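Read off the chains here:
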Amino acid sequence: MTEAAKSTPRKPLPRPAPESLPYWEAAKHHRLEIPHCDDCGGHWFPPSRSCPHCLSANVGFKPVSGRGKVFSFVIYDRVYHPAFEAEVPYVVALVELDEGPRLISNIVDIAPDKVRCDMRVSVVFDDVAEGVSVPKFKPA
Amino acid sequence: MIEPSRELRDACAIVGIGNSRLGKVPGVSSLDLVVEAMRNALDDAGLKAGDVDGILCRGPDEIYSHHQEVGERLGINAGFSTTVTNGGASQILSVALAVMAIRHGLATTVLCGYGRDAWSRTHATEEARVRNETRPPSQLPREFGPEYGYYSAAATHAFGATRHMHLYGTTKEHFGRIAVDFREHALRNPQAQMKTPLTMEEYHAQRSIVRPFGLYDCSLRSDAAGAVIVTSRERAKDLKQPPVLIKGFGTHNNTRGWFADDNMVVTAAKKSGERAYAMAGLGPKDVDTAQIYDCFTYMVLTQLEDYGFCKKGEGGDFVASGALRMGGALPTNTSGGQLSEAHAEGVLQLVEGARQMRHTYPASRQVKDAEIALVSGHGGNQVCHSTLILGRAR
């Protein structure tokens, strides 16, 4: 490891709640899977152990299309965490999946100034550490 | 629509008002600050601690049963006492709970207040300054945020600002108008943290925090506290100060979340305000001054719409008209607000709204002929809201 690599702090890794573990396990295999209700067919996010649409506990995780749109977004110019110093400016977006739920992510492969609300995006996976992959989105 | 109880209208009054030192008060804890504000409110009311039998406050989140520690320092045993944890909506919620407790015989005289040491806490070390985080580490997100570099309440509110700009053509110039007007108000307030004028040129040249927000879109980090004393209208008659009537209040909580539905653009202020107006028997046209929870410039603009001072989407034109200035159609955040006076999660908006109803300010700070003040509280993961309508007693 070079001196520079040693001195660059690592980005925070997700520290999953127990109910989120299947989401991160699927992401590790580059699959986007979110909670799904076997009774009413509803999806939601973030994960929880009963369906917020019908309160059924008959729930699990199901793959989704990975397509959606940018509901809204912000652009970071200021460094809040030293590991993101090389990233600024970067985009954090609220992505609305075609299945309905909204989730926080980054928009990549586009200049931050070009990102717009309601633009179409699709999921990509960023292997950030051994056994950890983070879903991000790029213009579709 | 819920029909609020009209028997609560004008049932109670604010009879004591106080604040602590504001701004940078090193070496003083948030608990010390709220006790300082409460002592000042007692002095203002001409009451002794023994006259108080209720304590309602929001605490720093890491203090367990904060109201007990307040009572211990003030030497008060309370018939009705608790800590409220709806963030910036807690201060008006405390007043609402006080009115209900007094009306139902659980207490006669209730101290409500809040204090925070956010400046000291975020300037204790260089690392604390960079992180600019007021919450204890145990409350910070562990997933669905930090791995994406998603930090700060500024970003969360900035999502709403981006969406509003997209839907309605709202501009940075509109947000700037709010920052510039509130700074002008702060210059009239000798206690305000910010002491120098802010021009629109300086606003546009500001450094970025998280776009679309820059430095002047964000409220201050302050050591600050405020407090009010609530009692029945009957009891208020015998006290030192002219009472400020509590004409109505309402709450609403979009507990499904800030990111759900259209909550970041049509906030919980809408239903909270409708309930407060209904209790008071008043509407937006009756309001002479507004003290709006201004954690960020955008939140002022969207709440002005939600409260019906203009239509949804027309907040930009409304603020550009000069409505918010002293002498404007709706003088707003007349102390300078959290953007320029000091930020204590809405309690200073409550203090300012009540003081405007006393008409004891010098002419430069007094909203002329003001009879009705509206105060808003917003917080609790951005979706808890409270509204208070105050009136000048005759």
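We now turn to the structure provided with this report. (Residues numbered from 1 in each chain as written. Chains lettered and ligands numbered in written order. Predicted model: local features only at pLDDT ≥ 70, side-chain atom pairs only at ≥ 80, totals over all residues.)

Moving on, we come to the overall build of chain A. In terms of regular secondary structure, chain A is built from 2 helices and 7 strands. Starting at the N terminus and ending at the C terminus, chain A contains elements arranged as α-α-β-β-β-β-β-β-β. On the principal axes, the C-alpha backbone points of chain A span a range of 55 × 35 × 25 Å. Within chain A, the proportion of its 140 residues that are buried is 32%. In chain A, 50% of the contacts between residues at least 6 apart in sequence involve partners at least 24 apart. (Helix = DSSP H or I, 4+ residues; strand = E, 2+ residues; numbered from the N terminus. Buried ≥ 20, exposed ≤ 12 C-beta atoms within 10 Å, placed from the backbone. Contact = placed C-beta atoms within 7 Å.)

It is worth spelling out the overall build of chain B at this point. Counting its secondary structure elements, chain B contains 14 helices and 11 strands. On the principal axes, the C-alpha backbone points of chain B span a range of 55 × 45 × 40 Å. When the 394 residues of chain B are sorted by exposure, 59% land in the buried category. When contacts within chain B are restricted to residue pairs at least 6 apart in sequence, those whose partners lie at least 24 apart make up 79%.

Looking now at the nonpolar core. Within the largest apolar cluster, 148 residues are counted, with the highest numbers of intra-cluster contacts made by V34(B), V95(B), V228(B) and V230(B). For this core, the two domains that each supply at least three residues are domain 1 (15–64) and domain 2 (65–140) of chain A. (Core = buried A, V, L, I, M, F, W, Y, C linked by C-beta atoms within 7 Å. Domains from an automatic or database assignment.)

Residue and element names in this part refer to chain B. Mapped onto the fold, G283 is located in the loop between α10 (269–280) and β9 (289–291). Judged by the 13 C-beta atoms lying within 10 Å of it, G283 is partly exposed. Taking the C-alpha atoms as reference, G283 lies 41 Å from R73; in sequence the two are 210 residues apart. Beyond its immediate stretch of four places on either side in the chain, G283 contacts Y277 and G308.

In this section: the interface of chain A and chain B. With 30 residues of chain A at the contact, the number on the chain B side is 24 residues. Tallied by class, the residues present in the side of chain A that touches chain B amount to 19 nonpolar, 5 polar and 6 charged. As paired elements, strand β3 (residues 67–76) of chain A and strand β5 (residues 208–211) of chain B share 2 bridges and run antiparallel to each other. In the strand pairing of β5(B), I75(A) is matched with R211(B). (Nonpolar A, V, L, I, M, F, W, Y, C, P; charged D, E, K, R; others polar. Pairing = 2+ DSSP bridges.)

Below, the discussion takes up the sheet that holds strand β7 (residues 223–232) of chain B. Residues and elements named next belong to chain B. Pairing is mixed in the open sheet, where 9 strands are placed in the order β3-β2-β4-β7-β1-β8-β11-β10-β9. Single-partner strands in this sheet number two, and they are β3 (80–83) and β9. For this sheet, the mean angle separating the axes of adjacent strands, direction not counted, is 25 degrees. Pairing of β9 with strand β10 (residues 372–379), which is carried by 3 bridges, proceeds in the parallel orientation. Across the sheet, the residue bridging to Q291 is V375, located in β10. In the packing of helix α2 (residues 66–74) onto the sheet, the strands contacted are β2 (54–58) and β3, and the crossing angle to β2 comes to about 125 degrees. (Axes fitted to C-alpha atoms, helices over the stretch in contact; angles between N-to-C directions.)

For the rest of this paragraph, the subject is unusual backbone geometry. Each neighbour pair has its own omega, and for F45(A) with P46(A) the value is 0 degrees, a cis peptide bond. Residue position: P46(A) is located in the loop between β1 (33–37) and β2 (59–63). Here D10(B), not a glycine, exhibits a phi torsion of approximately 60 degrees, which is positive. If you trace the backbone, D10(B) turns up in the segment before β1 (12–19).

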